[in-house]
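Letter by letter, the chains look like this.
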Amino acid sequence: MASADTDTSIKRAKQEALTIGTHDGIFHCDEVLACFMLQQLPQYATAQIVRTRDQKLLDQCDIVVDVGGTFDRERHRYDHHQASFNETFRSLRPELGSRWDIRLSSAGLVYTFFGEEVLKAILGQKLPSAVNPDCVRAVYRKIYDGLISEIDAIDNGVPMFEGGEPRYNISTHLSARVGSFNAGWNEPQPAPNSLERFEKAKAYVGKEFVDKVMYYAESWWPARDLVSRALANRKSVHESGEILELEQFCPWKEHLYQLEEEQNLSGLAKYVIYFNRENDWRVICVPNQPSSFVCRKFLAKPWRGIRDEALEQLSGIAGANFVHQSGFIGGNKTREGVLQMAIDSLKAPEEK
């Protein structure tokens, strides 16, 4: 049962600001991040977080996440633990054409409905030039891909593999790191300073969230223009159109796949060449998926694992200085040389 002091604090908070309800006890990454995201919005910026499982107190909160057994958007109830809940990012936002069918956690629910406004609030303060529909929508999807899906899957105990391809990727291990903010098993229960621990975890998660938003908006999204130009100019690099040249190296893979799909060119590009540094040009094979080392067409098999003079003699290409043993990347001292490596690999017989 809640104490009289807790009940009084709820009433006082209701008079002063909105309240965000979530459960007490051990906290997890999903509700910590959900609370952080909500507090980025003007309407919840000064909201008090109330941690309780007392339903009467939760009923008084303006919004409730990860507790209460109810998902009701109109009433701002965002729990996902009930047996009737099976919503995913794809089911709730079908217009985005997402591939994600992972059951949402409270972080995923809050992100699904509030995420774009959260991004606008963060970018509006830190990078106003990025607050445009195309950038916000792209970053919104990318944050789900690169962060929220992992948290959803781990919180719901979703197996990573069902078949050959992973259902999601673990790139942050944020869920495990948040767990370390909880009291140890041999500390007094209920844990002392539990709200302070929660706030520390929220600040920690929030920094990582904001850092990712800023990376995608400042670095990842602007790369799309470079990739778009490389795709448009492909025939000037080689008549096949299968070799692209980047004006400078940038995060290119996901932009390439999306642009290819938009232009009905899926699977076209086989190699990307770019200047790395003085006397160092690279050719990299386009992988089947962004994180995969299985490529559409590897560099010529006889060259793999060979370096410097031995590679020049074997390939007959001046300046060739390395090809990775797996054949996914190679190097040359000049643009002409690295382009020839791509052209000759394009003509090389397929592996058996």
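Residues numbered from 1 in each chain as written. Predicted model: local features only at pLDDT ≥ 70, side-chain atom pairs only at ≥ 80, totals over all residues. Heavy atoms only, no water.

An unreviewed UniProt entry annotates the protein chain as AGAP002408-PA-like protein of Anopheles sinensis. Database annotation for the protein chain, UniProt heading Sequence similarities (unreviewed entry): "Belongs to the MYG1 family." (UniProt positions renumbered as here; feature names shortened; annotations may be inferred.)

A.B. asks: Please set out the sheet that holds strand β4 (residues 71-72) residue by residue, giving values where relevant.
C.D. replies: Read across the open sheet, the 5 strands follow the order β2-β1-β3-β5-β4; overall the sheet is mixed. The open sheet terminates on both sides in strands that have one partner only, identified here as β2 (48-51) and β4. In this sheet, strand β3 (residues 63-65) lies alongside strand β1 (residues 19-22) in parallel orientation, the contact comprising 2 bridges. Looking at the pairing, I20 lines up with I63 of β3. (Pairing = 2+ DSSP bridges. Helix = DSSP H or I, 4+ residues; strand = E, 2+ residues; numbered from the N terminus.)

A.B. asks: Lay out the pattern of salt bridges with the relevant residues and their values.
C.D. replies: The tally for this structure, following the rule as stated, stands at 19 salt bridges. Of the charged contacts in the structure, one is a salt bridge between K207 and D211, with a shortest N-O distance of 2.9 Å. On the criterion of helical spacing, the pair formed by K207 and D211 is a turn pair, its members being 4 residues apart in helix α8 (residues 194-220). Among the salt bridges present, the one from E262 reaches R224, with a minimum N-O distance of 3.0 Å. Pair noted here: E262 is in helix α11 (residues 253-262) and R224 is in helix α9 (residues 223-232), with a separation of 38 residues, a long-range link. On the accessibility criterion, E262 (47% relative accessible area) is partly exposed. (Salt bridge = Lys/Arg side-chain N within 4 Å of Asp/Glu carboxyl O. Buried < 20%, exposed > 50% of the residue type's maximum accessible area, 1.4 Å probe, protein only.)

A.B. asks: Account for the packing of aromatic side chains, with residues named and values stated.
C.D. replies: A complete count under the given rule lists 18 aromatic pairs for this structure. Where F71 meets F85, the ring centres are 5.6 Å apart and the plane angle is 90°; that geometry is what we call edge-to-face. In this pair, F71 sits in strand β4 while F85 sits in the loop between β5 (77-78) and α4 (89-92), placing the two residues 14 residues apart along the sequence. For F71, a relative accessible area of 25% corresponds to the partly exposed category. Consider the rings of F293 and F328, whose centres lie 5.1 Å apart with planes at 70°: the pair is edge-to-face. Taken together, the residues span a long stretch of sequence, with F293 in the loop between β8 (280-285) and α12 (308-315) and F328 in the loop between β9 (320-323) and β10 (329-332) at a distance of 35 residues. (Phe/Tyr/Trp six-rings, centres within 6.5 Å; stacked < 30°, edge-to-face > 60°.)

A.B. asks: Now, about the side chain of R282: what can you tell me, with residues and values included?
C.D. replies: Checked against the element boundaries, R282 lands in strand β8. When sequence neighbours within four positions are dropped, the list of residues in contact with R282 reads V272, I273, Y274, N276, R277, F322, I329, G330, G331 and V338. (Contact = heavy atoms within 4.5 Å.)

A.B. asks: Help me get a handle on unusual backbone geometry, residues and values and all.
C.D. replies: Residue N279 is not a glycine yet carries a positive backbone phi of 60°. Inspection of the secondary structure assignment puts N279 in the loop between β7 (271-277) and β8. By relative accessible area, N279 is classed as exposed at 53%. Notably, D308 is not glycine yet its phi reads approximately 50°, a positive angle. Looking at the secondary structure, you find D308 in helix α12. When its relative accessible area of 42% is taken as the criterion, D308 is described as partly exposed.

A.B. asks: Break down the environment of K202 for me, with residues and values.
C.D. replies: Structurally, K202 is set in helix α8. Classification of K202 by relative accessible area gives buried; the value is 8%. Measuring from C-alpha to C-alpha, the distance between K202 and A269 comes to 43 Å, with 67 residues separating the pair along the chain. Beyond its immediate sequence surroundings of up to four residues, K202 is in contact with V32, C35, F36, Q39 and I49. Only 2.7 Å separates the side chain of K202 from the side chain of Q39, close enough to count as a polar contact. (Polar contact = N/O pair within 3.5 Å; in protein donor to acceptor, adjacent residues only side chain to side chain.)

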